There are 2 protein chains.
Amino acid sequence: MLSKKTKYGIKALTFLARQEDQTPVAIADIAKSETISLKFLESILLLLRHSGFLGAKKGKGGGYYLIKEPKDINMAHVYRILEGPIALLPCASHNFYEPCADCSDETTCAVRKLMTEVRDNTLLILENNTLADIAF
Amino acid sequence: MLSKKTKYGIKALTFLARQEDQTPVAIADIAKSETISLKFLESILLLLRHSGFLGAKKGKGGGYYLIKEPKDINMAHVYRILEGPIALLPCASHNFYEPCADCSDETTCAVRKLMTEVRDNTLLILENNTLADIAF
DNA sequence: ATATAATCTACTATTCCGATGGGGTAATAG
DNA sequence: CTATTACCCCATCGGAATAGTAGATTATAT
């Protein structure tokens, strides 16, 4: 299951992508419009800023805004930042690989075989979707 | 992330599928071979029996065995029993559908759009894989 | 100067997972 | 009959992760 963090993060990105111009939007406005806990959203937007998706402006009239164009924001990238590994098992992950303690032979593990196939396909879909694809 | 319950369940099914003949295998034997907590595995196998995948035989020489042939065991079915919904969001699930409390309009929700695409694809893969496909 | 709004740290409450252990019942092989 | 093994229910427990909260600080527009 997708965490609320990821869900809220994508919703916020979508909200910003759907803005007319790219003037900063206050956290409170996004939170209200998308029904998200203000403080929780705060931490998510901060993470997205540190990850290079968003810019921020402090003070009156400040807020967050997209740094890149929606069509240049890859959803696999977003997913990895917010949710973590795309694979359902650490042993089937590229970016977050970890062996299973209970697995004697990875090459004959049926679970890994299946989850690797799922992973490859999910990755393909996420990589082929940009923020523009899902927001519009 | 896949729960250990699902992981262990699939490993147990695989173990049974790889048996020479279909004489019952004691829980303890599976647990030892696959490094799974005995009591935990017990509850998983019970669930798989109630779901029609396994048969059980009590008493000496008893244990669990596959009821159907591995090629007739669909991994999407197994996944739903052990893990639950295939979709990463309840609003993108067929069998476990639930609307999001925070979502005003499902049809324009970008997260749902993306997760539906992921779901459709994952389902396709799970449905096209049988226990025989991953065990051998 | 003042109000606004992001930043950052730290904290809390709740929930779930994986596992453990107890205890007893029912079926079956020898 | 006896040993074995599945069945079944329950209670607990630590640890991790989620989701959300509080409060103080910093930057900026007016």
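Residues numbered from 1 in each chain as written. Chains lettered and ligands numbered in written order. Predicted model: local features only at pLDDT ≥ 70, side-chain atom pairs only at ≥ 80, totals over all residues. Heavy atoms only, no water.

1. Brief notes about the interface of chain A and chain B
Item 1. In this assembly, 37 residues from chain A lie in contact with 37 residues from chain B.
Item 2. Between chain A and chain B the total buried area reaches about 3200 Å² when both faces are included, carbon and sulfur atoms providing 67% of it.
Item 3. The interface formed by chain A and chain B contains 4 salt bridges.
Item 4. Its salt-bridge partner being Asp-102 of chain B, residue Lys-11 of chain A comes within 2.6 Å of it at the nearest N-O pair.
Item 5. Across the chain A-chain B interface, the total number found is 14 residue pairs in polar contact (both at pLDDT 80 or more).
Item 6. Among the elements of the structure, α1 (4–17), α4 (75–82), α5 (110–127) and α6 (131–135) of chain A are those that each provide at least two residues to the side of chain A that touches chain B.
Item 7. Residue classes in the side of chain A that touches chain B are distributed as 23 nonpolar, 6 polar and 8 charged. (Contact = heavy atoms within 4.5 Å. Buried area = accessible area lost by both parts, 1.4 Å probe. Salt bridge = Lys/Arg side-chain N within 4 Å of Asp/Glu carboxyl O. Polar contact = N/O pair within 3.5 Å; in protein donor to acceptor, adjacent residues only side chain to side chain. Helix = DSSP H or I, 4+ residues; strand = E, 2+ residues; numbered from the N terminus. Nonpolar A, V, L, I, M, F, W, Y, C, P; charged D, E, K, R; others polar.)

2. Considerations on the protein's contact with DNA strand D
Item 1. Every one of the 25 residues lining DNA strand D counts as a neighbour, but Lys-39 of chain A together with Ile-27, Arg-49, Ala-56 and Tyr-64 of chain B are closest to it.
Item 2. Taking all atoms of DNA strand D within 4 Å of the protein, the share assigned to sugar and phosphate is 68%.
Item 3. Between a phosphate oxygen of DNA strand D and a main-chain N or O atom of Lys-4 of chain A, the distance comes to 3.1 Å.
Item 4. Contacts to DNA strand D include Glu-42 of chain B, whose side-chain N or O atom sits 3.0 Å from a base nitrogen.
Item 5. At 5 residues, the largest contribution of residues to the surface near DNA strand D is made by helix α3 (residues 38–50) of chain B.
Item 6. Along the lines of polarity and charge, the residues of the surface near DNA strand D split into 7 nonpolar, 6 polar and 12 charged. (Near = heavy atom within 4 Å.)

3. Thoughts on helix α5 (residues 110–127) of chain B
Item 1. For α5 of chain B, spanning 18 residues, the distance from its first C-alpha to its last is 26 Å, which sits close to the expected 26 Å at 1.5 Å a residue.
Item 2. Among the residues of α5 of chain B, those classed as buried are Ala-110, Val-111, Leu-114, Met-115, Val-118, Arg-119, Thr-122, Leu-123, Ile-125 and Leu-126 of chain B.
Item 3. The elements touched by buried residues of α5 of chain B are α1, α4, α5 and α6 of chain A together with α4 (75–82) of chain B. (Expected span 1.5 Å × (residues − 1). Buried < 20%, exposed > 50% of the residue type's maximum accessible area, 1.4 Å probe, protein only.)

4. Points about the relation of the copies chain A and chain B
Item 1. Overlaying chain A on chain B yields an RMSD of 0.1 Å, the required transformation being a rotation through 180° with an accompanying axial translation of 0.0 Å. What the rotation and shift describe, once combined, is the action of a two-fold rotation axis.
Item 2. Taken together, the interface assignments show that 100% of the residues at the interface of chain A recur at the interface of chain B, consistent with an identical surface on both copies. (Least-squares fit on C-alpha atoms with pLDDT ≥ 70 in both.)

5. Observations regarding the domain arrangement of chain A
All names here are of chain A.
Item 1. For chain A, the assigned domains read domain 1 (4–66) and domain 2 (73–135).
Item 2. Its C-alpha centre places domain 1 at a distance of 26 Å from the equivalent point of domain 2.
Item 3. Taken residue by residue, the interface counts 14 residues in domain 1 and 10 residues in domain 2.
Item 4. For the pairing of domain 1 and domain 2, the buried interface totals around 1100 Å² over both sides, and the portion due to carbon and sulfur atoms is 78%. (Domains from an automatic or database assignment.)

6. Looking at the protein's contact with DNA strand C
Item 1. Within the structure, DNA strand C sits among 26 residues, and Ile-27, Glu-42, Arg-49 and Tyr-64 of chain A together with Lys-4 of chain B are positioned closest to it.
Item 2. If you look at DNA strand C and keep only atoms within 4 Å of the protein, 70% of those are sugar or phosphate atoms.
Item 3. Take Ser-37 of chain B: an N or O atom from its side chain is 3.0 Å from a phosphate oxygen of DNA strand C.
Item 4. Of all the secondary-structure elements, those providing two or more residues to the surface near DNA strand C are α3 (38–50), β1 (54–57) and β2 (63–66) of chain A together with α1 (4–17) and α3 of chain B.
Item 5. Residue contributions to the surface near DNA strand C peak at 5 residues, all from α3 of chain A.
Item 6. Here the residues of the surface near DNA strand C are counted per class, giving 8 nonpolar, 6 polar and 12 charged.

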